[in-house]
Amino acid sequence: MKKINNKGFALVETLIVSVFVLGIFTLIYTNFYPLIGEYEKRENYDAIESVYKTNVIKRFIEYNNIKFNITTTNPVIIFQSSESFCNSSSMVGSQKTNCQLLMNKLRVSEILVATYDITNVKYKIDNNNNCSEGMESYVKSLPNYKNNLYNIKGRIIVKYKETVDEESSEGKYDVYKYATLGVDLYD
Amino acid sequence: MIKKLNNKGLTAIEILICFSIVMVIVMSMFKVITNQKDKQTIESYKNEVITLKNTMMKQIESDIEAGNGLKNSSTLGATVCSEGVEEDKQIITAMMIFNQSITVPEVSYPIEGVNIKIYKDTDCNEGNCLNNYIEYSYLYKDNMYSRVYSLYTQKFELPKIPNLKFNFINCRIQDKYIELYAGLNHPDLGNKYSIIDLVEPIELGF
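Residues numbered from 1 in each chain as written. Chains lettered and ligands numbered in written order. Predicted model: local features only at pLDDT ≥ 70, side-chain atom pairs only at ≥ 80, totals over all residues. Heavy atoms only, no water.

Time to look at the packing of helix H2 (residues 48-63) of chain A against helix H4 (residues 94-106) of chain A. All names here are of chain A. Where H2 contacts H4, the axes come no closer than 11 Å and their chain directions differ by 175°. The angle between H2 and H4 places the two elements in the roughly antiparallel class. The residues of H4 that touch H2, namely those facing Lys53, Val56, Ile57 and Phe60, are Gln95, Asn98, Cys99, Leu102, Met103 and Leu106. Residues that form the contact of H2 with H4 fall into these classes: 7 nonpolar, 2 polar and 1 charged. (Axes fitted to C-alpha atoms, helices over the stretch in contact; angles between N-to-C directions. Helix = DSSP H or I, 4+ residues; strand = E, 2+ residues; numbered from the N terminus. Parallel < 35°, antiparallel > 145°, perpendicular 65-115°, else oblique. Contact = heavy atoms within 4.5 Å. Nonpolar A, V, L, I, M, F, W, Y, C, P; charged D, E, K, R; others polar.)

This is how it looks when you write it as structure tokens:
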């Protein structure tokens, strides 16, 4: 008669299975954890108030007919602060003071002027020291805007600073919000 | 020779150990599930707060933009961003008079004036801030049309979110810009998702 195997699992068998299961869990965790951060980051992308603010900048640029030196070889100009944007050679006379007033009201902290299609912009800002990390992530999350139905010549990408007051937990801290709109920026 | 079968069963100590392990697992799972349920409720509040804020922002902004430039209402003797106290409520009033000389083809109704009143409860009764609302009205050919965005009632098809109230309202007209900066506060969310941040030039020219 065949003997019944009552020995159970050997220690080495249990260890191999445990390591295997642990490996799978680690793999799942490492793959899903960054997605949570990504989701939280995207809450600050193209929020309605940021889009309306960007629309005010768009109206300012179009009303004053401000043009920038954007070409296919130079598809983006990075302005690390609102001051550098308003003091650029594209602004003349009272436009500079009006621009600074507007930027202060809107709490703009960084602005990019670029081509409407941002395929080449993404390459240009990759590991570019002039562009902040947050701005780089935002631009990379955007579509390329290949279809330009209304033939808009240009795009502004803006970073806004907002102070949040979390009464319940973290107290006051700064949040950066991002938005983009197509604007006629060059001839 | 046939091996003897083990018919002894489990000892009391083995059963006790098993039960205590199972109990610990169930208790820890219970806490995790309860926390998840709370998180789910907060998440639904978050979406509702964002929807409420977006609705108010869109309505106010689109009407201001439709006006295509605002007249400096102080020249017309209107109240501009005043602050006052009525009974137990703090009231902020922002009145904007649109420039009527500019025709706006995009909108079906010409807006002649917009009046925003924000009522902020100083005291909420058991989380119910009944007097916490934005009264938003516009004037068209001597008729006043109004919308009320209440933070508590469901009267206007807006979400009912307990304990939601305005914790700050700043409104001013300065340097040819109107600024409305109001924060809705919820104890679980703070005001991260609910800041109404509106900056608009009063006149068309910048």
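Position of tyrosine 181 of chain B among the secondary structure elements: in strand E8 (residues 177-185). Taking C-alpha positions, tyrosine 181 of chain B is 24 Å from glutamate 43 of chain B, a pair spaced 138 residues apart along the chain.

Here histidine 186 of chain B lies in the loop between E8 and strand E9 (195-201). On a C-alpha basis, the gap between histidine 186 of chain B and asparagine 163 of chain B in space is 6.0 Å, while along the polypeptide they are 23 residues apart.

Below, the discussion takes up H2 of chain A. It helps to recall that an α-helix has 3.6 residues per turn; residues three or four apart then point in one direction. Spanning 16 residues, H2 of chain A covers 22 Å between terminal C-alpha atoms, matching the ideal 22 Å at 1.5 Å per step. Following H2 of chain A by one or two positions, asparagine 65 of chain A adopts a phi angle in the positive range, close to 50°. (Expected span 1.5 Å × (residues − 1).)

Residues and elements named next belong to chain A. Applying the stated criterion across every chain yields a total of 8 aromatic pairs over all chains. Each ring, one from phenylalanine 68 and one from phenylalanine 85, has its centre 5.7 Å from the other, and the planes form 20°; the classification is stacked. Here phenylalanine 85 lies in helix H3 (residues 82-86) and phenylalanine 68 lies in the loop between H2 and strand E1 (76-79), a separation of 17 residues in the sequence. Ring centres 5.3 Å apart and planes at 80° place the aromatic pair phenylalanine 79 and phenylalanine 85 in the edge-to-face group. An aromatic cluster of three or more residues is present, and its members are Tyr45, Tyr138 and Tyr178. Positioned above the aromatic ring of tyrosine 116 is the side chain of arginine 155, whose terminal nitrogen or guanidinium carbon lies 4.5 Å from the ring centre. Between arginine 155 and the ring centre of tyrosine 145, over which it is positioned, the NZ or CZ distance is 3.7 Å. (Phe/Tyr/Trp six-rings, centres within 6.5 Å; stacked < 30°, edge-to-face > 60°. Lys NZ or Arg CZ within 6 Å of the ring centre and 35° of its normal.)

In the structure shown here, the tally under the stated rule is 14 salt bridges over all chains. The shortest N-O distance in the salt bridge between lysine 58 of chain A and glutamate 62 of chain A comes to 3.8 Å. Taken as a pair, lysine 58 of chain A and glutamate 62 of chain A lie in helix H2 at a separation of 4 residues, close to a single helical turn. When salt bridges with common partners are traced through the structure, they connect Glu49, Glu162 and Lys177 of chain A together with Lys53 of chain B into a single cluster. (Salt bridge = Lys/Arg side-chain N within 4 Å of Asp/Glu carboxyl O.)

Moving on: the state of the cysteines. All names here are of chain A. Overall, the coordinates contain 1 disulfide over all chains when judged by the stated rule. Across a sulfur-sulfur distance of 2.0 Å, cysteine 86 and cysteine 99 are joined as a disulfide pair. Disulfide cysteine 86-cysteine 99: the torsion about the S-S bond is -70°, which places it as left-handed. Note that cysteine 86 is positioned in helix H3 and cysteine 99 in helix H4, a separation of 13 residues in sequence. Exposure class is identical for cysteine 86 and cysteine 99. Each is buried. Cysteine cysteine 131 remains unbridged, with the sulfur of cysteine 86 as its closest cysteine sulfur at 18 Å. (Disulfide = S-S within 2.5 Å. Buried < 20%, exposed > 50% of the residue type's maximum accessible area, 1.4 Å probe, protein only.)

All names here are of chain A. Ranked by internal contacts, the top residues of the largest apolar core, which has 27 residues, are Ile57, Ile61, Phe68 and Phe85. If you list the elements that add at least two residues to this core, you get H2, H3, H4, strand E2 (108-114) and strand E3 (155-166). Setting aside anything within four residues of it in sequence, one finds phenylalanine 68 in contact with Ile77, Phe79, Phe85, Ser88, Ser90, Met91, Val113, Leu185 and Tyr186. (Core = buried A, V, L, I, M, F, W, Y, C linked by side-chain atoms within 4.5 Å.)

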